[in-house]
Amino acid sequence: MIKLRSGQIEVADFRQGYMAVPAVPGAGKTTVLAYLAANLIEEGWTGKGKILIVTYMNSAVSNFRAKIGDYLAERGLSRNRGYEVRTLHSLALNILKEKPEFLLINDQFNIIEPALRGRLIKQLIEEWIRDNSRTFLKYFDYDPNSQGYQLAVKRWKEDHFPALIKAMIGQFKLHGLNRDQVSELRRNYRQNSYLDWAFSIYINYDRIMHKQGLLDFDDLAMQALHLLEKDQQLLARMQEKYSYVFEDEAQDSNLLLGKILSLLAGKKGNLVRVGDSNQAIMGTFTNADPQIFRNFTARNDIAKRSILYSSRSSQEIIKLANYLVKWTVNDHPQQECKEALEEKYIYPVAADDPYPNPQTDGYTIANKVFNTSRDEMKNVTRLAARHVQENPENTVAILVPANYIMEEIIEELEEQGVKYESLNEPLQEKLKTIEDFKRVLYYLAEPNRQKVLIEILKEVLLIDYLEEGKDLDFLDQLSEKYSVEEIVYPIGGSVRFQEYARGIVSGEMLAELVKALNRLRLWIDASVELPPDELILLIAEQLRLKEEELAVAQNIALQIKAELDSNPHWKLHEIADELPRLENSFRQFARKIYERKGYEPQAGVITITTFHKSKGLEWDTVYITYLTNDNFPSSVEDKFRSEYYYLEDDYSNPVANAKASLENLIYDRESVDPQQEANIEFIKERLRLLYVAITRAKKNLLLTAHREIIYDNGDSKQVKPARPFLALSNFIDKEREAYAQH
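Here is what the cut-offs are and how they apply
- Residues numbered from 1 in each chain as written.
- Predicted model: local features only at pLDDT ≥ 70, side-chain atom pairs only at ≥ 80, totals over all residues.
- Heavy atoms only, no water.
- Helix = DSSP H or I, 4+ residues; strand = E, 2+ residues; numbered from the N terminus.
- Expected span 1.5 Å × (residues − 1).
- Contact = heavy atoms within 4.5 Å.
- Salt bridge = Lys/Arg side-chain N within 4 Å of Asp/Glu carboxyl O.
- Buried < 20%, exposed > 50% of the residue type's maximum accessible area, 1.4 Å probe, protein only.
- pLDDT = per-residue confidence, 0-100.
- Polar contact = N/O pair within 3.5 Å; in protein donor to acceptor, adjacent residues only side chain to side chain.
- Pairing = 2+ DSSP bridges.
- Axes fitted to C-alpha atoms, helices over the stretch in contact; angles between N-to-C directions.
- Parallel < 35°, antiparallel > 145°, perpendicular 65-115°, else oblique.
- Nonpolar A, V, L, I, M, F, W, Y, C, P; charged D, E, K, R; others polar.
- Patch = residues over 30% accessible without salt bridge, like charges linked within 9 Å, V, L, I, M, F, W, Y side chains within 5 Å.
- Areas by Shrake-Rupley, 256 points an atom, 1.4 Å probe, with all protein chains shown as cover.
- Lys, Arg positive; Asp, Glu negative; His and termini not counted.
- Charge placed at Lys NZ, Arg CZ, Asp CG, Glu CD.
- 1 Å grid on protein atoms, 1.4 Å probe; cavity = no way out; pocket = protein on both sides within 12 Å on 5 of 7 lines; lining within 4 Å.
- Points joined across faces, edges and corners; volume = space filled by probe spheres on them.
- Phe/Tyr/Trp six-rings, centres within 6.5 Å; stacked < 30°, edge-to-face > 60°.
- Lys NZ or Arg CZ within 6 Å of the ring centre and 35° of its normal.

Draft legend 1. Here's a closer look at helix α26 (residues 654-667). For α26, built from 14 residues, the straight-helix expectation of 20 Å at 1.5 Å per residue is met to within 8% by its first-to-last C-alpha distance of 20 Å. In this structure, the buried residues of α26 make contact with α6 (149-174), α8 (194-211) and α27 (674-694). Of the residues one or two after α26, D668 is the one with positive phi, at around 50°.

Draft legend 2. Examining the pattern of salt bridges more closely. Taken as a whole and assessed by the stated rule, the structure comprises 38 salt bridges. Between K50 and E84 there is a salt bridge, with its nearest N and O atoms 3.4 Å apart. Of the two residues, K50 is situated in strand β2 (residues 50-55) and E84 in strand β3 (residues 83-87); the sequence distance between them amounts to 34 residues. For K50, a relative accessible area of 32% puts it in the partly exposed group. Classification of E84 by relative accessible area gives buried; the value is 11%. A salt bridge links D219 to K173; its shortest N-O distance comes to 3.1 Å. Placement of the pair is D219 in helix α9 (residues 217-230) and K173 in helix α6, with a sequence separation of 46 residues.

Draft legend 3. Summary view of the confidence of the model for the protein chain. Put simply, the protein chain has an average pLDDT of 87, and 92% of its residues get 70 or more. Within the protein chain, the lowest mean pLDDT, 61, falls on helix α21 (residues 498-502), and the highest, 98, falls on strand β13 (residues 619-624). Taken as a whole, residues 104-108 scores under 50 in pLDDT and shows six contacts with residues more than four places along the chain or in a different chain.

Draft legend 4. Just the side chain of R15, in detail. For R15, the position within the fold is in the loop between α1 (8-12) and β1 (18-22). R15 sits in the buried class, given a relative accessible area of 18%. At 2.9 Å, the side chain of R15 and the backbone oxygen of A12 are in polar contact. A polar atom in the side chain of R15 sits 3.0 Å from the side chain of E43. Non-local contacts of R15, meaning those with residues more than four positions away in its chain, are made with L36, N39, L40, E43, W45, Y244 and N270.

Draft legend 5. Representation of helix α24 (residues 547-566) in the model. If you check α24, its first and last C-alpha atoms are 29 Å apart, about what 20 residues at 1.5 Å a residue would give, namely 28 Å. When we look at burial in α24, the residues that qualify are E548, A551, V552, A553, N555, I556, A557, Q559, I560, E563 and L564.

Draft legend 6. Representation of the sheet that holds strand β6 (residues 303-304) within the structure. As summarised here, the arrangement of the six strands in space is β3-β2-β4-β5-β1-β6, forming an open sheet in which the pairing is parallel. The strands lining the two open edges of the sheet, one partner per strand, are β3 and β6. Contacting β1, β2, β3, β4 (242-247) and β5 (271-275), helix α2 (residues 29-42) runs over the sheet at an angle of about 175° to β4. Against the sheet, helix α12 (residues 290-298) contacts β1, β5 and β6, and its axis sits at roughly 120° relative to β1.

Draft legend 7. Region of interest: the pairing of strand β10 (residues 396-400). Counting buried positions over the five residues of β10 gives five, a clear majority of the element. Going residue by residue along β10, you find V396, I398 and V400 tucked away on one face and A397 and L399 tucked away on the opposite face as well. In this sheet, strand β12 (residues 606-610) lies alongside β10 in parallel orientation, the contact comprising five bridges. Bridge pairing in β12 places V396 opposite I606. Note: β10 against β13, four bridges, orientation parallel. Following the sheet pairing, L399 is matched in β13 by I624.

Draft legend 8. Here's a closer look at the environment of L538. Mapped onto the secondary structure, L538 falls in helix α23 (residues 532-542). Owing to a relative accessible area of 21%, L538 belongs among the partly exposed residues under this scheme. For L538 and A526, which are twelve residues apart along the polypeptide, the C-alpha to C-alpha distance reads 8.6 Å. Residues within four places of L538 in sequence aside, it is in contact with A526 and L530.

Draft legend 9. Local environment of the packing of helix α13 (residues 315-331) against α27. Across the interface, α13 lies against α27 with an axial gap of 9 Å and an inter-helix angle of 170°. In this view, α13 runs roughly antiparallel relative to α27, as classed from their interaxial angle. On α27, the residues touching I317, L320, A321, L324, V325, W327 and T328 of α13 are L687, L690, Y691 and I694. Looking at the contact of α13 with α27 residue by residue, the class counts come to ten nonpolar, one polar and no charged.

Draft legend 10. Examining a negative patch on the surface more closely. A grouping of E407, E411, E414, E415 and D712 is seen on the molecular surface, where their side chains present a negatively charged patch. With respect to the helices and strands, D712 occurs in the loop between β14 (697-710) and β15 (716-718). Residue D712 is classed as exposed on the basis of its relative accessible area, which comes to 79%.

Draft legend 11. Highlighting empty space enclosed by the protein. Counting across every chain of the model gives four cavities of 30 Å³ or more. Quantified by volume, the largest cavity comes out at close to 50 Å³. Around the largest cavity sit P25, S310, R312, S313, I317, I318, I346 and T695, which together line it. Across the lining of the largest cavity, the residue classes break down as four nonpolar, three polar and one charged.

Draft legend 12. Just the packing of aromatic side chains, in detail. One pass over the full model with this rule turns up 30 aromatic pairs. Centroid distance F136 to F161: 5.4 Å. Interplanar angle 90°. Geometry classified as edge-to-face. Placement of F136 in the loop between α5 (114-131) and α6 and of F161 in helix α6 is noted, with a sequence separation of 25 residues between them. Comparing F136 with F161, the two get one shared label, buried. Sitting above the plane of the F296 ring, R273 keeps its charged end 5.0 Å from the centroid. Residue placement shows K368 over the ring face of F370; its charged tip is 5.9 Å from the ring centre.

As structure tokens, this is what we get:
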């Protein structure tokens, strides 16, 4: 039976109404929400309806289902009774399926595949640039005769301008703007500005999507909201369907979802929103707005039940996280950023708690400033490697603020021969299914390619032996002596190279090779008879793929079937040529599939990931790196990574400029300085990001910075340790000294 803590008890006692649950890291909010759901179901509070739980990650969906199912099973009830757990997109899809005719398209909704959407936007951007070649460089502030000019143009054209357009398409959807409304706004707005350019491209994008009966993921939420607002009978039916609405990670909510959940709950319904505004770090990548949860929590008509006790971290690490909150609220140098962290402090659990806070021998928090970024990486990786060797029972993570830094860390760890896992590419083994099918399809399209044949034998058909450490170099020797035809289709049915092979491999390995070749011949024959999508399913069956790997293979087959439907004359050769274009889409699907299982750190293996991707995870020992003022600015006068060096100062952050212009236009508000507003929001989010990073550590923590960054090309730049790092370093030094005196 679960033992609830203070705060959790009050949440579990909830039965009706609206409730906000501010929580701290490691407070067990998922556990208590699942427990509350099971109680409401068991006691009959749900009536004929269900509890709807909305969260943001597929892995969280699986986690909720498992926990609620366990609690219901303990009570002798069905694991699936009385609740649904959905992401925002699956909820929106579920709403739209109630009335597909609302969209005037079929009940499959024709949701556009992400890679196809990317190609469409890229095509529209290229067409716009071609028609606006002079306007396109309007805000450029870079000497056309300088050495880096062409590189700057390339970055603007291929990276930063497309990023602006994609961000603004999301903003238009977030504000519920259709093509006609955007056209009207454009008529009343000045031409040749970032927002005007985005308007123009969006109008064409939406026209094509509508003409082809396609929806993107942003459309799902926008259209679901419109449907609920327009159809009162449907809304009443959905309100009856869901007796309770729970929102997890409410700090990551956005305008559309907030409206949808409020409608589903109704003014007299039951709505529970759980979150931690101090962990709101998704604004950089999504339309998340932590102020939505803060405003909800502050309402007088909302019951507020805080969960402030956490057993994740040692008391020393809790003190450090709390000090960051206190310093931000009282001493941050940028006045507007003092509200970045809510004044909400973590408390350690009681000594008799079933899951007490970790205990350590000595003060296990440290700080260090290195001369250069390379010195920092070399020393941090050596410390982490030594820690793993001396403490193989510990989980360990090195956290970095950006993906590009991870490559240097990986090189250092590989030199030291230490086991590591990068969450930037966490699914390399899982994504092997995609690589396997690429190899096989390439080969079957042209079966005379000897190099690819050997790759398939090694990496696909005989991979188990390779992973066991058995030597497969004999295959290279065979390929040098015999042709592809002699290996795969020996004359007269006899395997001519067997006599040669017997002299260099065991009888057991030779027998496995013969089996592998028999299977390969079957695939070659099938490639003539079957269409490519059915061929993939046959290969998946032969390889005995299961669960996630099978789902990935099935998705490859479905996407290839879609390509064949659009190009019925294509054969295997054409499909093989298209694989590079389709691969990104294959990988996106695979990541979603494996996200559902979540990630569990392994003892003795160093995890390398960004601050952002560390959210929701925890490790015994954490190294937080690159805490410099260029990564964690503290003043609007600092340099920001979102500002592009080759654009005019007032227009160097295109997304911020366009977003501010849009909001000024929609809400008729007074004009603000978009650069400064964006910089302030960036500083706030970086403070929350540092808070998240600190609270990932359970027992041991090291914070590091450097004074000079060394770039790959040998250039360097002087930087300073970030002000939050200096404040935390001062606190750590005092705590260590006080600890030593006890």
